[in-house]
Amino acid sequence: RIYLHEPFLAAISLEISKRPEGRIETAAVGFDPSTHDLVMFYYPEFFRKLTTKERMGVIRHELYHVVFQHITDRWPTDKTMHKTFNIATDMAINSIIGAENLPDLAIIPGKAIKPRKDDTELDKKFGEFVLNAPLLQSSDYYFEQIKKLIEEDKKNGGEGTINVVNGVDEHDLWGRLPDHVRDMIKEKIKGIVVKAAKTADQSNQWGNIPSEIQERIRKM
């Protein structure tokens, strides 16, 4: 169905292997260290619990991680910011896909996060930020805004830790890329995206991708 309704993403998907994986809880995109092929891993039991629309949303989420080079981005040198980086990339992608196409555990700009009894003051402020955050911003934008909340919390004596976030996928594979492999994968992804974008432009078949996101991809 994604191939039918999302021609650009379909072209990306054709270059990525799909493998069931029991060692993850949801889904993940990474690479095969033996072949350097791009791979989308998924936990079958997690996918069985999703509706068709949610399953398509998760697959699109993984493909966008590839398109926007999140898999090859250098993680923040401050390890305490790794979770913030993960949240920011997810917010950027999920704002494109839309709340109606994703499971409830997805963190999406404009959608309230269900409060918990043990929420800290930072958790509450983070929830307010997500609820009022603008759509279709870059991961850098979301990262900087969340970082400000964390720094402010630390100044006020807090731990600077956000506890309320789940997500539809896992990003641990990204940080394990050696530099020489990272550069090679980055060039490979660039080639895939350029080819897919040119095909989409020539046939005027970008699917449901907003025009501002199309333009961002062209600039990339």
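Scroll up for the structure.
Residues numbered from 1 in each chain as written. Predicted model: local features only at pLDDT ≥ 70, side-chain atom pairs only at ≥ 80, totals over all residues. Heavy atoms only, no water.

1. Some words on the overall build of the protein
Thought 1: Across its full length, the protein holds 9 helices and 3 strands.
Thought 2: Listed by position from the N terminus, the elements making up the protein come as α-α-β-β-β-α-α-α-α-α-α-α.
Thought 3: A compact globule built from 220 residues would reach a C-alpha radius of gyration of about 17 Å, and the protein, at 17 Å, matches this within 12%.
Thought 4: For the protein, the spread of C-alpha atoms along the three principal axes comes to 55 × 35 × 35 Å.
Thought 5: In the protein, the proportion of contacts linking residues at least 24 apart, taken out of those at least 6 apart, comes to 65%.
Thought 6: If you sum the accessible surface of the protein, you get close to 11700 Å²; carbon and sulfur atoms cover 49% of it.
Thought 7: One finds the centroid of the 32 positive side-chain charges in the protein at a distance of 3 Å from the centroid of its 34 negative side-chain charges. (Helix = DSSP H or I, 4+ residues; strand = E, 2+ residues; numbered from the N terminus. Rg over C-alpha atoms; globule rule 2.2 N^0.38 Å. Contact = heavy atoms within 4.5 Å. Areas by Shrake-Rupley, 256 points an atom, 1.4 Å probe, with all protein chains shown as cover. Lys, Arg positive; Asp, Glu negative; His and termini not counted. Charge placed at Lys NZ, Arg CZ, Asp CG, Glu CD.)

2. Some remarks on the side chain of His61
Thought 1: Inspection of the secondary structure assignment puts His61 in helix α4 (residues 52-67).
Thought 2: Of note is the side chain of His61, whose polar atom sits 3.3 Å from the side chain of Asp169.
Thought 3: Residues contacting His61, with those up to four places away along its chain left out, are Asp90, Ile93, Asn94, Ile97, Val168 and Asp169. (Polar contact = N/O pair within 3.5 Å; in protein donor to acceptor, adjacent residues only side chain to side chain.)

3. Considerations on the packing of helix α6 (residues 121-132) against helix α7 (residues 139-155)
Thought 1: At a minimum axis distance of 10 Å, the contact between α6 and α7 shows a crossing angle of 155 degrees. As the angle between them shows, α6 and α7 are arranged roughly antiparallel. For α6 against α7, the interelement crossing comes out right-handed. Where α6 abuts α7, its residues Leu122, Lys125, Phe126 and Phe129 lie against Tyr142, Gln145, Ile146, Leu149, Ile150, Glu152 and Asp153.
Thought 2: Along the lines of polarity and charge, the residues of the contact of α6 with α7 split into 7 nonpolar, 1 polar and 3 charged. (Axes fitted to C-alpha atoms, helices over the stretch in contact; angles between N-to-C directions. Parallel < 35°, antiparallel > 145°, perpendicular 65-115°, else oblique. Left-handed = near helix turned anticlockwise from the far one by under 90°. Nonpolar A, V, L, I, M, F, W, Y, C, P; charged D, E, K, R; others polar.)

4. Some points on the environment of Arg218
Thought 1: Structurally, Arg218 can be placed in helix α9 (residues 211-219).
Thought 2: Sequence separation between Arg218 and Lys198 is 20 residues, and the spatial gap between their C-alpha atoms is 8.7 Å.
Thought 3: If we ignore the near neighbours within four places in the chain, the residues touching Arg218 are Asp201 and Trp206.

5. As for unusual backbone geometry
Thought 1: In the Ramachandran plot, Gln69 falls in the positive-phi region, its phi being about 60 degrees despite a non-glycine side chain.
Thought 2: Among the secondary structure elements, Gln69 is positioned in the loop between α4 and α5 (82-97).
Thought 3: If you check the backbone angles, Asn204 has positive phi at about 55 degrees while not being a glycine.
Thought 4: For Asn204, a relative accessible area of 67% puts it in the exposed group. (Buried < 20%, exposed > 50% of the residue type's maximum accessible area, 1.4 Å probe, protein only.)

6. A few points about the pairing of strand β2 (residues 27-31)
Thought 1: Burial analysis of β2 places 5 of its 5 residues in the buried class, the great majority of the element.
Thought 2: Burial along β2 is two-sided: the residues Ala27, Val29 and Phe31 and Ala28 and Gly30 are all buried.
Thought 3: Bridge analysis of β2 against strand β3 (residues 38-42) gives 5 bridges, and the strand direction is antiparallel. Opposite Phe31, over in β3, you have Leu38 as the bridge partner.
Thought 4: What sits between β2 and β3 in their antiparallel hairpin is a turn of 6 residues, with His36 showing a positive phi close to 65 degrees. (Pairing = 2+ DSSP bridges.)

7. Section: the sheet that holds β3
Thought 1: Strand order in this open sheet of 3 strands is β1-β3-β2, and the pairing throughout is mixed. At either end of the open sheet lies a strand with only one pairing partner, and these are β1 (17-20) and β2. In this sheet, neighbouring strand axes are inclined to one another by 25 degrees on average, regardless of whether the strands run parallel or antiparallel.
Thought 2: Bridge count between β1 and β3: 4 bridges; the pairing is parallel. Within β3, the position partnered with Ser17 by the bridge is Val39.

8. Digging into the pattern of salt bridges
When the charged atoms of two side chains with opposite charge come close together, those side chains can pair.
Thought 1: Tallied over the entire structure, the rule returns 12 salt bridges.
Thought 2: Its salt-bridge partner being Arg182, residue Asp179 comes within 3.9 Å of it at the nearest N-O pair. With a gap of 3 residues between them, Asp179 and Arg182 both fall in helix α8 (residues 179-203), about one helical turn apart.
Thought 3: Among the charged side chains, a network of salt bridges with common partners joins Arg116, Asp118 and Asp119. (Salt bridge = Lys/Arg side-chain N within 4 Å of Asp/Glu carboxyl O.)

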